Amino acid sequence: MLNSKRLVLAHFWLGFISFGGALLLGAWQMWVRSPLHPWLKNPELYYRSVTAHGSAMAYVFPTLIAMGFGYAVTELALKKPLIGTRWAWAGFILVAVGTVTAMVPVAMGLASVLYTFYPPMIGNAFYYIGVVLVVVGSWIWVALMSINLAAWKREHKGVPIPLAMFATLAGAYLWGWTAVGAAVEILFQILPVALGFKTTIDVGLARVFFSWSLHAIVYFWLMPAYIAYYTILPRAIGGRLYSDLMARISFILFLVFSMPIGMHHLFADPQIGSGIKFMQSVFTALVAVPTMLTVFTICASVEIAARLRGGRGSFGWIKALPWDNPLMLALTFSFVMLGFGGAGGLINMSYQLDSTIHNTQWITGHFHLIYGGAIVIMYFAIAYDLWPHLTGRAMTHLKLMRQQLWLWFIGMIVLTFPWHFAGILGMPRRMAFYDYTNPEIAEQALSVVISTVGGLILLVSAVMFFIVLIRNHRGPRVVVEEYKFSTAVHESKTIPVALNSFSLWLALMIGLTLINYGYPIASQLLRSDTSVPAIPIGGPQR
Amino acid sequence: MSEERLFSLRNRWFTVTVGGILGVAAFSAAVGFIWLPSAHSDQPFQGVWNAICSAAGVPQQWLRTSSATPVPLVQTSAVAMTPQLLAESGSTSIGRGATVSMRCTMCHGVRGMSDANTPNLAGQYASVIYKQLLDFQSGARRNAVMSPMVSNLTDQDMRDLSAYYAYLPRPVALRSDAAPAVSVPEIVSDGAPMRNIASCASCHGGIDHKAGSPWLEGMPAAYTRAQLQAFANDTRHNDINEQMRNVARNMTPAEIDAAAAYYAGAQP
């Protein structure tokens with residue numbers, strides 16, 4: 001049952017529209033800083049665009065997808081109407097209003113501080129207020145997810161929580177806690193300066209708070225993709241989930257480990273001690289565990305599907321997979337990109353290896369491959385899977401969907417592989433201008449040109465994605481059969497209470513945060529000599 | 001199942017996960033705070049407690065050799081320039097400044113504008129004027145005329161002067177020696193990135209304004225040129241981070257002339 005179709009559609013559409021706009025800016029950025037375009041004379045325009053691109057892609061798009069998908073999962077998995085629909089709409093409106101509030105000063109060039117804020121640069125206060133509104137809107141979603149689960153649990157004592165809902169809650173709690181870092185930074189450090197109550201800011205502390213959010217936010221983006229791996233894909237390709245318990249353990253591990261590790265973004269920051277960096281490096285490595293569990297479980301599930309379809313042999317079963325199914329393609333592409341991106345991530349999280357690529361284009365290549373590649377392609381898959389149930393109309397353009405996914409995969413590889421390479425060559429990130437005629441950086445030119453081509457391929461793919469969705473809205477009405485999530489090979493009637501509740505894991509998440517962030521935050525809060533004058537951003541002050 | 005207690009030492013999920021995480025934390029802390037720092041032979045890492053403090057990032061004094069502050073060979077500016085410096089001023093300050101400014105009129109004109117090839121003061125940023133006055137007084141910037149003029153000014157005098165000149169309206173008329181509307185030269189709009197020269201407009205207004213940078217439109221060409229040359233040959237060095245000296249050194253004489261001529265003719 002899916003009652004709140006309009007609610008879910010509104011979230012997905014606003015999310016995808018912001019994605020489309022941000023993608024245009026991204027492609028433009030690739031273009032203007034490549035050798036194909038003469039120098040953009042005003043670097044501020046570039047940073048303005050980067051700020052809009054990052055803010056929309058990082059804060060608005062994935063948040064709306066997670067929220068919309070969460071509402072859909074709640075009704076579909078719990079098989080009861082969503083409690084608090086009005087609140088859900090209020091949350092949506094907050095996100096929408098927040099997006100506009102943030103984007104207006106960015107468009108006016110008053111907040112070109114990039115989405116990571118980078119104090120002591122201080123932009124227009126409305127930019128930060130807009131971001132806060134988006135986060136507050138998403139916190140309403142976190143609360144609603146929790147309330148809906150609690151209500152269901154009261155009615156179903158001792159029954160295992162449906163996996164999709166369990167995973168959604170893990171994502172919601174993860175986001176609720178991880179957003180606290182950036183929220184503290186904005187509310188207590190940046191906004192007082194942006195509003196004129198203070199003129200100095202503790203930059204080191206602000207960066208620590210942001211790192212609290214910066215890495216776990218990626219796992220929040222990742223959650224819908226992982227939920228789709230476990231609960232949609234095996235069903236969509238006609239198989240079964242290899243292990244329901246393994247899935248729960250993976251989500252729990254993400255919940256516990258993804259938060260207190262963000263300091264590997266600050267390996268080059270002098271205000272953090274090397275011991276603390278090392279500890280967080282160790283915990284970052286542990287996040288590889290749930291990723292590996294997932295890769296194993298999903299590959300096993302896919303093999304089950306193939307053998308059910310008559311696949312034989314050690315590898316021969318791969319041929320038996322439904323390769324004409326867009327979701328099968330999306331999963332494969334997602335895993336390939338996750339594999340390469342994850343391998344790069346191991347370099348980023350290693351305290352010593354990181355120093356070779358820190359702040360180079362490698363990093364931008366890395367997070368585009370993981371997020372824009374492995375995660376966003378699963379957002380497409382989720383939309384393709386869910387859309388008929390939202391519109392009551394058939395998806396009739398399977399070929400176009402397959403082409404779109406192929407193009408996104410190819411485009412992302414062409415975009416990010418040379419991008420990584422340019423980073424290894426030493427090309428710094430966050431710069432508006434590179435003079436490729438200079439012999440020292442001339443060798444980077446080819447990589448950048450290839451990347452730009454990748455960006456343009458992605459643009460074509462996105463246009464095709466919108467065509468598929470819009471055509472569905474105009475497609476023939478069909479009677480949609482009941483939405484089903486994957487079923488596990490062994491459906492357990494009872495599961496350990498640890499895997500059916502969150503209290504222990506939330507306690508561990510918060511406890512581990514205190515262990516890993518307690519000292520760095522406290523030590524800098526207590527020092528009086530850590531603030532620097534704020535630098536207002538926003539054009540000539542005349 | 002509902003009777004199974006989670007937060008209990010009998011529940012293996014509880015003991016294994018909590019114990020495991022604490023174990024990993026303790027192990028990584030031991031490696032990161034004791035073992036790895038002990039591999040250093042530097043003085044701050046000697047001993048377990050020192051190693052832990054160093055790894056935690058507790059500020060320590062490195063390479064303690066002498067406690068005496070080194071005496072700078074060149075007098076540098078002592079002004080801490082922030083975007084908020086003298087951002088607001090009261091009318092009393094402006095009024096006092098007008099009185100004090102009588103001594104400046106000989107060169108800078110009755111209302112902060114003169115044809116004597118002195119810099120415009122009318123409408124200039126208060127913080128800019130204040131910093132230059134302080135630097136003239138401290139000797140960080142030297143000028144045969146200005147240095148004696150400011151030697152007996154109090155700090156309040158200088159704040160008032162700055163407030164007064166900032167309060168005056170920017171001139172609308174062009175200077176008599178200005179070249180007729182020159183198009184914006186590349187050094188002003190784009191700089192020369194490969195020579196590490198940011199565009200003039202990225203700090204002096206046009207693209208962006210940075211604290212401490214004066215606006216330059218309508219400045220006498222002779223003055224701008226002289227200052228750029230002084231920065232280039234290090235006779236002026238009150239830009240504490242060498243931001244102007246680094247720019248000026250890398251500018252060609254043609255670029256200096258182009259920038260000076262452009263700003264002289266630009267409308268304030």
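Structure first, text after, so check above.
Residues numbered from 1 in each chain as written. Chains lettered and ligands numbered in written order. Predicted model: local features only at pLDDT ≥ 70, side-chain atom pairs only at ≥ 80, totals over all residues.

Peer 1: Explain the overall build of chain B to me, and be specific about the residues and the numbers.
Peer 2: Within chain B, the secondary structure is distributed over 12 helices and zero strands. Along the chain direction, N to C, the helices and strands of chain B fall in the order α-α-α-α-α-α-α-α-α-α-α-α. Dimensions of chain B along its principal axes, counting C-alpha atoms only, are 90 × 50 × 45 Å. The buried share of chain B, reckoned over its 268 residues, is 34%. (Helix = DSSP H or I, 4+ residues; strand = E, 2+ residues; numbered from the N terminus. Buried ≥ 20, exposed ≤ 12 C-beta atoms within 10 Å, placed from the backbone.)

Peer 1: With reference to specific residues and values, describe the overall build of chain A.
Peer 2: Along the backbone of chain A there are 17 helices and four strands. What you see for chain A is a C-alpha radius of gyration of 23 Å, in line with the 24 Å of a compact globule of 542 residues. Considering only C-alpha atoms, chain A reaches an extent of 65 × 50 × 45 Å along its principal axes. By residue count, 54% of the 542 residues in chain A fall in the buried class. For chain A, contacts bridging at least 24 residues in sequence account for 86% of all contacts bridging at least 6. (Rg over C-alpha atoms; globule rule 2.2 N^0.38 Å. Contact = placed C-beta atoms within 7 Å.)

Peer 1: How would you sum up the nonpolar core? Please name residues and give values.
Peer 2: Ranked by internal contacts, the top residues of the largest apolar core, which has 188 residues, are Ala167, Ala330, Ile375, Ile377 and Phe380 of chain A. When residues in this core are grouped by element, the largest group, 20 residues, is from helix 14 (residues 361–391) of chain A. When residues no more than four places from it in sequence are discounted, the contact partners of Ile375 of chain A are Trp221, Leu222, Ala225 and Ile370 of chain A. Core analysis: the next-biggest nonpolar cluster, separate from the first, contains 22 residues, Cys200, Ala201, Ala260 and Tyr262 of chain B among them. (Core = buried A, V, L, I, M, F, W, Y, C linked by C-beta atoms within 7 Å.)

Peer 1: Please provide a residue-by-residue account of the interface of chain B and chain A, values included.
Peer 2: The interface is formed by 34 residues belonging to chain B together with 37 residues belonging to chain A. When residues of the side of chain B that touches chain A are traced back to their parent elements, those giving at least two are helix 1 (12–38) and helix 2 (48–56) of chain B. Top contributing element to the side of chain B that touches chain A by residue count: helix 1 of chain B, with 14 residues. When the residues that make up the side of chain B that touches chain A are grouped by side-chain class, the tally is 20 nonpolar, 11 polar and three charged. (Nonpolar A, V, L, I, M, F, W, Y, C, P; charged D, E, K, R; others polar.)

Peer 1: Break down the environment of Ala343 of chain A for me, with residues and values.
Peer 2: Residues and elements named next belong to chain A. The topology assignment puts Ala343 in helix 12 (residues 326–349). Among the residues examined, Ala343 registers 10 C-beta atoms within 10 Å and is labelled exposed. Distance from Ala343 to Met121, taken between C-alpha atoms, is 33 Å for residues 222 residues apart in sequence.

Peer 1: I'd love a proper account of the packing of helix 9 (residues 244–257) of chain A against helix 11 (residues 288–308) of chain A, names of residues and values included.
Peer 2: All names here are of chain A. Across the interface, helix 9 lies against helix 11 with an axial gap of 8 Å and an inter-helix angle of 155°. Here helix 9 lies roughly antiparallel to helix 11, going by the angle between them. Note on packing geometry: the crossing formed by helix 9 with helix 11 is left-handed. Two secondary-structure elements touch here, helix 9 through Met246, Ala247, Ile249, Ser250, Leu253 and Phe254 and helix 11 through Val289, Pro290, Leu293, Thr294 and Thr297. When grouped by side-chain class, the residues that make up the contact of helix 9 with helix 11 number eight nonpolar, three polar and no charged. (Axes fitted to C-alpha atoms, helices over the stretch in contact; angles between N-to-C directions. Parallel < 35°, antiparallel > 145°, perpendicular 65-115°, else oblique. Left-handed = near helix turned anticlockwise from the far one by under 90°.)

Peer 1: Talk me through the environment of Tyr125 of chain B; I want residue IDs and the actual numbers.
Peer 2: Residue and element names in this part refer to chain B. By the element assignment, Tyr125 lies in the loop between helix 4 (105–108) and helix 5 (126–138). Linking Tyr125 and Trp215, residues 90 residues apart in sequence, is a C-alpha distance of 7.7 Å. Among residues more than four places away in sequence, those in contact with Tyr125 are Ala166 and Pro214.

Peer 1: Run through helix 11 (residues 243–250) of chain B, naming residues and quoting values.
Peer 2: Note: α-helices contain 3.6 residues per turn, so residues at a spacing of three or four share the same orientation. Residues and elements named next belong to chain B. Among all positions in helix 11, only Met244, Val247 and Ala248 are buried. Projected down its long axis, helix 11 shows its buried positions confined to an angular sector of 95°, all on one face. Buried residues belonging to helix 11 abut helix 10 (221–232). (Arc of directions from axis to C-beta.)

Peer 1: Could you give me a rundown of the packing of helix 10 of chain B against helix 11 of chain B, with the residues and numbers involved?
Peer 2: Residue and element names in this part refer to chain B. Axis separation between helix 10 and helix 11 bottoms out at 7 Å; the angle between their running directions is 100°. Taken together, the axis directions place helix 10 and helix 11 in an arrangement best described as roughly perpendicular. For the pair helix 10 and helix 11, contact is made by Leu228, Phe231 and Ala232 and by Met244, Arg245, Ala248 and Arg249, respectively.

Peer 1: An account of helix 5 (residues 163–194) of chain A is requested, with residue identities and associated values reported.
Peer 2: Residue and element names in this part refer to chain A. Under the 1.5 Å per step criterion, the end-to-end length of helix 5 is 43 Å for 32 residues, consistent within 8% with the ideal 46 Å. At Ile186, helix 5 is bent by approximately 35°, the largest bend along its length. After helix 5 finishes, the residue Gly196 shows a positive phi value of roughly 90°. (Expected span 1.5 Å × (residues − 1). Bend = angle between axes of the 7 residues up to and from the residue.)

Peer 1: Provide a residue-level description of unusual backbone geometry, including the pertinent values.
Peer 2: Pro120 of chain A follows Pro119 of chain A through a cis peptide bond whose omega is 15°. Here Pro120 of chain A lies in the loop between helix 3 (85–107) and strand 1 (121–122). If you check the backbone angles, Asp234 of chain B has positive phi at about 70° while not being a glycine. You can see Asp234 of chain B is positioned in the loop between helix 10 and helix 11. Among the residues examined, Asp234 of chain B registers 12 C-beta atoms within 10 Å and is labelled exposed. In this model, Glu242 of chain B sits at a positive phi of 60°, which is unusual for a non-glycine residue.

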